Every structure is written in structure tokens, then in C-alpha cells.
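# Commentary on secondary and tertiary structure
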Amino acid sequence: MEGGRDRPLRSERGEQADVVTLKSGREIAAMRKAGLFVWEAHQIAAGMVRPGVTTGEIDRAVEDYFAERQATPLFKGVPGKTPFPAVCCMSVNDEVVHGIPGNRKLREGDIISIDTGCRVKGWCGDSAYTHPVGEVSDEVRRLLDCTSGVLQLAIELMATRNRWGDVAAEMATYVRDFGFTVVENFVGHGIGKKMHEDPQVPNFCSPSFRRKHDFELEPGLVIAVEPMVNIGTKRVRPLPDHWTQSTADGKPSAHFEHTVAITDEGPLVLTAAPTEAEQEDSSRRLAAARG
Ligand code: MG
Ligand code: MG
């Protein structure tokens, strides 16, 4: 789940600066625990994606996994016209973000974006992937490659760029070179004890962002980077359930997200796969969950 524009931009609240809370090395290590559980939950979910499965079945498996880990799901109960009812957002095909899991059965050729997060000992992790269901068209395959690729590019650029605006501008160029569009209505966010903290983290760069909201990529910064890319128009529209956001032209959309910390050694992906040192425990947890 990402920061929408429902929170006022700072310019709309006057010229008050974003309040960015930098995290210590110890706090970043604590956030990694939540991030690894989020990665493991995504392995459970990814293993279930196939024609015939319902989005609700996948959501229940993720909910069970967080419960086993004593991790608190971040999305369930998020306030809205009705509180968000699930632990994952599941957005199929033209749905961009915030889709509600339920009885919908996945079909061959669909794509499904799964976004989830949890809190462990007070610290949050948040991550999303878009999966193909069986064989997808060449164009949709390119969409997935572009969206995962632009997230990877952003993480790499965070090692060498000083300001987010420079990363965001290159992200937008990368997507444009594919002939696709970056969603602008929804953006990434700072993350820590809360899922949504300052700053807002757009996947494109405007002069007004440069002037008013750009921020330094300094050690201790932890942000959720989450490009959403559309094949057609960048415009989105809400569905009548008040949560799901779809593309305005009905063409497919993809979404990938990682929680990333800047450390003295460079960017560290807190929702990445286990390191060698973490591998054994992680594999044991997943094996137990799969029974
Ligand atoms: Mg998310
Ligand atoms: Mg997010």
C-alpha cells in the first residue's frame, strides 16, 4: 500500500518542510526483521499464483503467515470509507493498486499485483510484486520487465545520487523509453515505526517537487520505493468499492515495491531475499508454513 495524494502535499499546507526521521543502524536492523517476514509472505503468495486460485485464498495464507510470525499486518483496518478488509492489496490486470482480495478467480494470462506489509517489534516493512498468471502476452511481459527494472534502477541510483529528484527523473526516462507511463497519483513514502512517514517518494520528477519537496539521500533514510507503470494512460480512476484504483483506459498496470535504507555502505533493501546468514532460519520458517 502506498501513500496517496489524500495526504496534503506540503505546498498545500504552506511551505512547511517534510519531517524526515532518520534511523540508526540498530533501528535499520530491527526493520530488516519485518522486511524479511514480508519477503517470506511474498514467497508463500507467489507459490499460490495460478489459474483458478482466488485472491482471497492467497490473502488468507499471508494472514496466517503473519500470525505465525506474530507480525502485525499493516493494511487490515486502514481507514477509508470502509476500513481496508484484508492483509494484502491484490490488483488484477487494469487495477493499479488497493484492490481488495475476494472471490475473484485468477485466469491464464492475468497479472496480479500483490502488496503487503507487517510490523515486527514496532518496525514496519512494505513490499509489492506483480506476477504473471501462466502465459502472458509479450506486451504485458515487457510491462513487468519495465516495472521491476525501474525499481532495480532506482535502488542502484540511490548509491550514487545525492537527491531523490535525480533518481526519480531517471526512473521517468527509463519508463518513457519503454513507451509506458508512470502513475503520478500514487507515490512511495518514508517508513519506520509507521507505514507512511515523510517524505513522499514520487516516481517522476516535476519542477515543483525539485523546488519544494526534494530530499537528500543520506544515511538513516528509509523509504518505500514503489513504481506503478501503465501500458496506456497514466490516469487512474477509483472503482465503486472506494479502494480499488484502475487505469482510466482499462489497460494493464504493474507495481513493484521495496523498503530501502540508505546506510554508510550504500542502499540496503530491507525487504530483499535472505542473506547467507539469514538463509537457514528463513528456509525453516517457510518449510514449516508450507507444512
Ligand atoms: Mg506496499
Ligand atoms: Mg508502500
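Attention here is on the structure that accompanies the text. Here the structure is a predicted model, which is why all the values come from computation and not from measurement.

## Details of the overall build of the chain
Helix and strand counts for the chain come out as 6 helices and 16 strands. Over its C-alpha trace the chain gives a radius of gyration of 18 Å, about what one expects of a compact globule, namely 19 Å for 291 residues. Seen through its principal axes, the chain has C-alpha atoms that stretch 50 × 45 × 35 Å. Here the chain holds 291 residues, and the buried ones make up 54% of them. Partitioning the contacts of the chain with sequence separation of at least 6, the portion at a separation of at least 24 is 73%. Split by element, the accessible area of the chain, about 12,700 Å² in all, is 49% carbon and sulfur. Positive and negative side-chain charges in the chain, numbering 35 and 42 respectively, have mean positions lying 4 Å apart.

## So, the pairing of strand β6 (residues 123–132)
Along β6, 9 of the 10 residues are buried, which leaves the element largely enclosed by surrounding structure. With 10 bridges joining them, strand β5 (residues 111–120) and β6 adopt antiparallel strand pairing. When the bridges of β6 are listed, Thr-116 appears paired with Ser-127. Hairpin geometry of β5 and β6 is characterised by an intervening segment of 2 residues between the two adjacent antiparallel strands and by a positive phi of about 50° at Lys-121.

## What to know about the nonpolar core
In globular proteins that are soluble, nonpolar side chains generally tend to be buried together. Among the nonpolar cores identified, the biggest contains 63 residues, and Met-158, Trp-164 and Val-225 are the most heavily contacted of them. Here this core takes 10 residues from helix α3 (residues 138–157), the largest share from any one element. Core analysis: the second largest hydrophobic core is formed by 17 residues, Val-78, Cys-89, Met-195 and Val-222 among them.

## Quick look at the packing of aromatic side chains
In total, this model carries 5 aromatic pairs according to the counting rule given. Residues Phe-84 and Trp-243 carry aromatic rings whose centres are separated by 5.1 Å and whose planes lie at 80° to one another, so their mutual orientation is edge-to-face. Within this pair, whereas Phe-84 is found in the loop between β2 (72–73) and β3 (88–92), its partner Trp-243 is found in the loop between β12 (236–238) and β13 (245–247), the two being separated by 159 residues in sequence. Grouping residues by exposure puts Phe-84 and Trp-243 together as buried. Aromatic side chains Tyr-129 and Phe-256 sit 6.2 Å apart centroid to centroid with 75° between the ring planes, which places their arrangement in the edge-to-face category. Taken as a pair, Tyr-129 in strand β6 and Phe-256 in the loop between β14 (253–255) and β15 (258–263) lie far apart in primary sequence, 127 residues in all. Of the two residues, Tyr-129 and Phe-256, neither departs from the other in class, the shared state being buried. An aromatic cluster of three or more residues is present, and its members are Tyr-174, Phe-178 and Phe-180. A cation over a ring is seen here: Arg-69 above Phe-37, with NZ or CZ 5.8 Å from the ring centre.

## Looking at the side chain of His-42
Residue position: His-42 is located in helix α1 (residues 25–48). There is a polar contact of 2.9 Å between the side chain of His-42 and the backbone oxygen of Ser-127. With residues near it in sequence (within four places) discarded, His-42 still touches Ile-114, Asp-115, Thr-116, Ser-127, Ala-128 and Tyr-129.

## Here's the deal with the sheet that holds β14
An order of β7-β11-β14 is seen for the 3 strands of this open sheet, with the pairing classed as antiparallel. Only two strands of the sheet have a single neighbouring strand rather than two, namely β7 (181–182) and β14. Pairing of strand β11 (residues 228–230) with β14, which is carried by 3 bridges, proceeds in the antiparallel orientation. Among the inter-strand pairings, Val-229 is bridged to a residue of β14, identified as Ala-254.

Criteria and cut-off values
Residues numbered from 1 in each chain as written. Chains lettered and ligands numbered in written order. Predicted model: local features only at pLDDT ≥ 70, side-chain atom pairs only at ≥ 80, totals over all residues. Heavy atoms only, no water. Helix = DSSP H or I, 4+ residues; strand = E, 2+ residues; numbered from the N terminus. Rg over C-alpha atoms; globule rule 2.2 N^0.38 Å. Buried < 20%, exposed > 50% of the residue type's maximum accessible area, 1.4 Å probe, protein only. Contact = heavy atoms within 4.5 Å. Areas by Shrake-Rupley, 256 points an atom, 1.4 Å probe, with all protein chains shown as cover. Lys, Arg positive; Asp, Glu negative; His and termini not counted. Charge placed at Lys NZ, Arg CZ, Asp CG, Glu CD. Pairing = 2+ DSSP bridges. Core = buried A, V, L, I, M, F, W, Y, C linked by side-chain atoms within 4.5 Å. Phe/Tyr/Trp six-rings, centres within 6.5 Å; stacked < 30°, edge-to-face > 60°. Lys NZ or Arg CZ within 6 Å of the ring centre and 35° of its normal. Polar contact = N/O pair within 3.5 Å; in protein donor to acceptor, adjacent residues only side chain to side chain.

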